[in-house]
Amino acid sequence: VYLLQLTVFTGPWFVQTFGFAAGSAVQHWWSVGTYMFVHAGFLHLAFNMLMLFFFGPAVEARMGGTSFALYYLVCGVGGAALAFPVSLLGPTGIVVGASAAVFGVSLAFAMHWPDTPIYVFPLPIPIKAKWLVAFLAGTALFATVLQVRSGVAHFAHLGGFLFGFVYLKAEQVV
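Since this is a predicted model, take the numbers as computed values, not measurements.

Colleague: Explain the overall build of the protein chain here, please?
Modeller: Looking only at helices and strands, one finds eight helices and two strands in the protein chain. Scanning the protein chain from its N terminus toward the C terminus, one meets helices and strands in the order α-α-α-α-α-α-β-β-α-α. Here the C-alpha atoms of the protein chain give a radius of gyration of 16 Å, agreeing with the 16 Å that 2.2 N^0.38 yields for 174 residues. Overall, the C-alpha framework of the protein chain stretches about 45 × 40 × 35 Å when taken along its three principal axes. Contacts spanning at least 24 positions in sequence make up 71% of the contacts within the protein chain whose residues lie at least 6 apart.

Written as structure tokens, this is what we have:
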């Protein structure tokens, strides 16, 4: 999709049509699902795909392909769902990217393999998965509470974490 953004579907209309904006979600109802496949830039896409590359295979192997795809989509929709109440606090802009879904996948990894060492460049020592994901969640919460205007939808990350956590806990009960 990103390649199409750069070559065929250029211009702001593509992001406005397929990105998620709380104010136009009724008119663009499909954006709850499509925003996950639109990215703001190459580094945005690369970071999401790198996280998915490291955390996704183990989580998918544990859950199975169909359950993993459903979980991924639930976490992504969770990012959009959290945009509604956050948008009441102030303008949030258009949300794009797979970050909410990918952060949900990282949460699943940390919940299943909390003590797995993760090497994060340029740190010289590994970090346990549970602490890395806790740091990511804490950073997103901190930035959301302070309403940091960085162009990053930190609240969407939290939505991915929240919906992912609820999904995983509900799965344990069943």
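Colleague: Just to check I follow, could you spell out the side chain of His154 for this structure?
Modeller: As for its position among the elements, His154 is in helix H8 (residues 154-173). His154 gets classed as buried once you look at its relative accessible area, which sits at 13%. Leave out the neighbours within four places in its chain, and His154 touches Ala140, Ala143 and Thr144.

Colleague: Before we go on, may I ask you to explain the side chain of His39 in this structure?
Modeller: Its location among the elements puts His39 in the loop between helix H3 (31-34) and helix H4 (42-63). For His39, a relative accessible area of 4% translates into the label buried. Within the structure, the side chain of His39 is placed 3.1 Å from the side chain of Asn48, a separation counted as a polar contact. The contact partners of His39, leaving out residues within four places of it in the chain, are Tyr2, Gln5, His44, Leu45, Asn48, Val96, Gly97 and Ala98.

Colleague: Help me understand the packing of helix H6 (residues 99-112) against helix H7 (residues 129-145), please; the structure alone is not making it clear to me.
Modeller: Any two packed helices are characterised by how steeply their axes cross, that is the angle between the axes, and by the distance between the axes. Close contact between H6 and H7 brings their axes to 9 Å; oriented N to C, the two are set at 150 degrees. Between H6 and H7 lies a crossing whose hand is left-handed. Counted together, Phe103, Ser106, Leu107, Phe109 and Ala110 of H6 and Ala129, Lys130, Val133 and Leu136 of H7 form the full contact between these two elements. The residue inventory of the contact of H6 with H7, partitioned by class, reads seven nonpolar, one polar and one charged.

Colleague: What's the story with the pattern of salt bridges in this structure? I'm lost.
Modeller: A side chain of one charge can pair with a side chain of the opposite charge when the charged atoms of the two come close. The tally for this structure, following the rule as stated, stands at two salt bridges. Residues Asp115 and Lys128 are paired through a salt bridge, measuring 3.8 Å at the closest nitrogen-oxygen approach. Taken together, the residues Asp115 in the loop between H6 and strand S1 (117-118) and Lys128 in strand S2 (residues 127-128) connect sequence positions 13 residues apart. Salt-bridge contacts for Asp115 lead to Lys130; the nearest nitrogen and oxygen are separated by 3.1 Å. A residue pair is termed long-range when its members are at least 10 positions apart, and Asp115 in the loop between H6 and S1 and Lys130 in helix H7 qualify at 15 residues. If you follow the salt bridges from partner to partner, you end up with Asp115, Lys128 and Lys130 in one network.

Colleague: Help me understand the confidence of the model for the protein chain in this model?
Modeller: When pLDDT drops low, the exact placement of atoms in the prediction is not to be read closely. For the protein chain, mean pLDDT is 90; residues scoring 70 or higher make up 95% of the total. The lowest-confidence element of the protein chain is helix H1 (residues 2-7), averaging 84 in pLDDT; the highest-confidence one is H6, averaging 97.

Colleague: Quick question: what am I supposed to make of the environment of Phe161 here?
Modeller: By secondary structure assignment, the location of Phe161 is in helix H8. It is 4.9 Å that separates the C-alpha atoms of Phe161 and Gly104, two residues lying 57 residues apart in sequence.

Colleague: When you look at the packing of aromatic side chains in this model, what are you seeing that I'm missing?
Modeller: For any pair of aromatic rings, the description rests on two quantities: the centre-to-centre distance and the angle between the ring planes. This structure, assessed with the given rule, holds twelve aromatic pairs. Note on Phe9 and Trp13: the rings are 5.9 Å apart at their centroids and 85 degrees apart in plane angle, and the pair reads as edge-to-face. Measuring from ring centre to ring centre gives 5.7 Å for Trp13 and Phe14, while their planes differ by 90 degrees; the resulting arrangement is edge-to-face. Since its relative accessible area comes to 41%, Trp13 is described here as partly exposed. What makes Phe14 buried here is its relative accessible area of 7%. Counting every residue linked through ring pairs, the aromatic cluster contains Phe9, Trp13, Phe14 and Phe18.

Thresholds, definitions, all that
Residues numbered from 1 in each chain as written. Predicted model: local features only at pLDDT ≥ 70, side-chain atom pairs only at ≥ 80, totals over all residues. Heavy atoms only, no water. Helix = DSSP H or I, 4+ residues; strand = E, 2+ residues; numbered from the N terminus. Rg over C-alpha atoms; globule rule 2.2 N^0.38 Å. Contact = heavy atoms within 4.5 Å. Buried < 20%, exposed > 50% of the residue type's maximum accessible area, 1.4 Å probe, protein only. Polar contact = N/O pair within 3.5 Å; in protein donor to acceptor, adjacent residues only side chain to side chain. Axes fitted to C-alpha atoms, helices over the stretch in contact; angles between N-to-C directions. Left-handed = near helix turned anticlockwise from the far one by under 90°. Nonpolar A, V, L, I, M, F, W, Y, C, P; charged D, E, K, R; others polar. Salt bridge = Lys/Arg side-chain N within 4 Å of Asp/Glu carboxyl O. pLDDT = per-residue confidence, 0-100. Phe/Tyr/Trp six-rings, centres within 6.5 Å; stacked < 30°, edge-to-face > 60°.

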